[in-house]
Amino acid sequence: MDKQRVALVTGGMGGLGEAICIKLAALGHTVATTYSPGNTKAQEWVAAMKARGYAFHAYACDVADWNSSVECVQKIGAELGPVDVLVNNAGITRDMTFKKMDRVNWDAVLHTNLDSVFNVSKQVCDGMVDRGWGRIINISSVNGQKGAFGQTNYSAAKAGMHGFTKALSLEVARKGVTVNTISPGYIGTKMVMAIPKEVLDSKIIPQIPMGRLGKPEEVAGLVAYLASEEAAFVTGANIAINGGQHMQ
Ligand code: NDP
């Protein structure tokens, strides 16, 4: 059994994030999650999870914003202790062709999906290095690996996450801290279920050799592995979990 750690999952109330929180809690870790300051359902989610036996610690934080990230991680440190496992999972899409892409939708996706990785990792990385143990796990996307029509913003941000992973993993490799990227394909969360069914059935599922969407629990299992003691020699990796949709 691994040592119990403090894990922070950004966007832990979303489709993938919830499964990741549940998996890490099941392994005995203390789990903190962030939610957007405007999210009025956050306390409802915490109560529903409590009813299912999970005592998650939820913190309002706009991960796209530096000051909000500083305050949030300071609060977590004071209340739960230093973060040992960080899962940079919060993300959004604002899809449109490059012809229609405007500055607002470019910035929103880059700030939320990529700047957030800097904003939150920066708060925890030095402490991990000082303590000689840490795990930073960045949730990217298959579309950061292969590109996707209508996603110049999202593909750029998600590819950027892995550049960050590779560079930071080199800097902390001798300090017991690993940094890895997970690149999920299409997983059956609300982000994907928002795609019209006819598009899913005619365009997306046929691209997946397994003929189905992935399950959030399958991604959570990979996060749990990367967060474990056993994964100590895995760093700077970009692990695909996509049903065979894209192979590098
Ligand atoms: P959801 O939309 O279900 O969840 C996204 C989460 O991000 C929400 O909890 C949301 O919190 C949070 N979030 C968004 N913006 C901010 C912000 N500014 N500050 C703090 N939190 C924020 O998406 P998924 O669970 O499907 O996706 C999770 C991650 O996995 C994303 O990074 C996504 O790009 C990636 N991914 C998903 C795939 C899929 O098939 N679902 C495939 C590949 C990658 P709130 O609701 O409070 O705003």
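Here, every reference points to the structure presented above.
In this text, all values refer to a predicted model and were calculated from it rather than measured experimentally. (Residues numbered from 1 in each chain as written. Predicted model: local features only at pLDDT ≥ 70, side-chain atom pairs only at ≥ 80, totals over all residues. Heavy atoms only, no water.)

## Overview of the overall build of the chain
Consideration 1: Within the chain, the secondary structure is distributed over nine helices and seven strands.
Consideration 2: Over its C-alpha atoms, taken along the principal directions, the chain stretches across nearly 45 × 40 × 35 Å.
Consideration 3: The burial tally for the chain puts 48% of its 248 residues in the buried class.
Consideration 4: The contacts of the chain with a sequence gap of at least 6 include a subset with a gap of at least 24, amounting to 75%.
Consideration 5: Element-wise, carbon and sulfur atoms account for 56% of the exposed surface of the chain, whose accessible area totals about 11900 Å².
Consideration 6: Each charge class in the chain can be summarised by its mean position, and for the 24 positive and 21 negative side chains these summaries are 4 Å apart. (Helix = DSSP H or I, 4+ residues; strand = E, 2+ residues; numbered from the N terminus. Buried < 20%, exposed > 50% of the residue type's maximum accessible area, 1.4 Å probe, protein only. Contact = heavy atoms within 4.5 Å. Areas by Shrake-Rupley, 256 points an atom, 1.4 Å probe, with all protein chains shown as cover. Lys, Arg positive; Asp, Glu negative; His and termini not counted. Charge placed at Lys NZ, Arg CZ, Asp CG, Glu CD.)

## Describing the packing of aromatic side chains
Consideration 1: Inspection of the entire model under this criterion finds three aromatic pairs.
Consideration 2: Summarising the aromatic geometry, the rings of Trp 45 and Phe 56 are spaced 5.5 Å apart at their centres and angled 15 degrees between planes, so their arrangement reads as stacked. Of the two residues, Trp 45 is situated in helix α2 (residues 42-51) and Phe 56 in the loop between α2 and β3 (57-60); the sequence distance between them amounts to 11 residues. For the pair Trp 45 and Phe 56, one class covers both residues: buried. (Phe/Tyr/Trp six-rings, centres within 6.5 Å; stacked < 30°, edge-to-face > 60°.)

## Some points on the site of the ligand
Consideration 1: The full set close to the ligand counts 29 residues, and Leu 16, Ser 36, Tyr 154, Ile 187 and Thr 189 are the nearest of them.
Consideration 2: Between a nitrogen atom of the ligand and a side-chain N or O atom of Asp 62, the distance comes to 2.8 Å.
Consideration 3: The backbone of Val 63 places a nitrogen or oxygen atom 3.0 Å from a nitrogen atom of the ligand.
Consideration 4: Mapped by element, the contributors of at least two residues to the shell around the ligand are α1 (15-26), α6 (152-172) and α7 (190-193). (Near = heavy atom within 4 Å. Polar contact = N/O pair within 3.5 Å; in protein donor to acceptor, adjacent residues only side chain to side chain.)

## With respect to α1
Consideration 1: Here α1 contains 12 residues, and its C-alpha end-to-end distance of 17 Å stays within 8% of the 16 Å for a straight helix at 1.5 Å per residue.
Consideration 2: Of the positions making up α1, those classed as buried are Leu 16, Gly 17, Ala 19, Ile 20, Cys 21, Ile 22 and Leu 24.
Consideration 3: Once α1 finishes, Gly 28 follows within two positions and takes phi at roughly 100 degrees, a positive value. (Expected span 1.5 Å × (residues − 1).)

## A word on the pairing of β3
Consideration 1: Across four bridges, the pairing between strand β2 (residues 30-35) and β3 is parallel. Bridging from a neighbouring strand, Ala 32 pairs with His 57 of β3.
Consideration 2: As for the winding sense of the linkage, the β-α-β connection from β2 through α2 to β3 is right-handed. (Pairing = 2+ DSSP bridges. Right-handed = clockwise from strand over helix to strand, strands pointing away.)

## Notes on the pattern of salt bridges
Oppositely charged side chains can form a pair if their charged atoms are brought close together.
Consideration 1: What the rule picks out here adds up to six salt bridges.
Consideration 2: Taking the shortest distance from any N to any O, the salt bridge between Glu 18 and Arg 52 comes out at 3.7 Å. Placement of the pair is Glu 18 in helix α1 and Arg 52 in the loop between α2 and β3, with a sequence separation of 34 residues.
Consideration 3: Of the residues examined, Arg 52 reaches a relative accessible area of 51% and is grouped as exposed.
Consideration 4: Between Asp 107 and Arg 103 there is a salt bridge, and its shortest N-O distance comes to 3.2 Å. Placement of the pair is Asp 107 and Arg 103 together in helix α4 (residues 103-131), with a separation of four residues, close to one helical turn. (Salt bridge = Lys/Arg side-chain N within 4 Å of Asp/Glu carboxyl O.)

## As for the nonpolar core
Consideration 1: Ranked by internal contacts, the top residues of the largest apolar core, which has 32 residues, are Ile 20, Leu 24, Val 87, Ile 137, Ile 139 and Ile 182.
Consideration 2: Sorting the residues of this core by element identifies β1 (6-9), α1, β2, α2, β4 (85-88), β5 (134-139) and α9 (216-227) as the ones contributing at least two each.
Consideration 3: Setting aside chain neighbours within four positions, we find Val 87 in contact with Leu 8, Val 9, Thr 10, Ile 20, Leu 24, Ile 137, Ile 139 and Val 223.
Consideration 4: One finds Val 6, Val 124, Ile 136 and Val 179 within the second-largest nonpolar core, a separate group that totals 21 residues. (Core = buried A, V, L, I, M, F, W, Y, C linked by side-chain atoms within 4.5 Å.)

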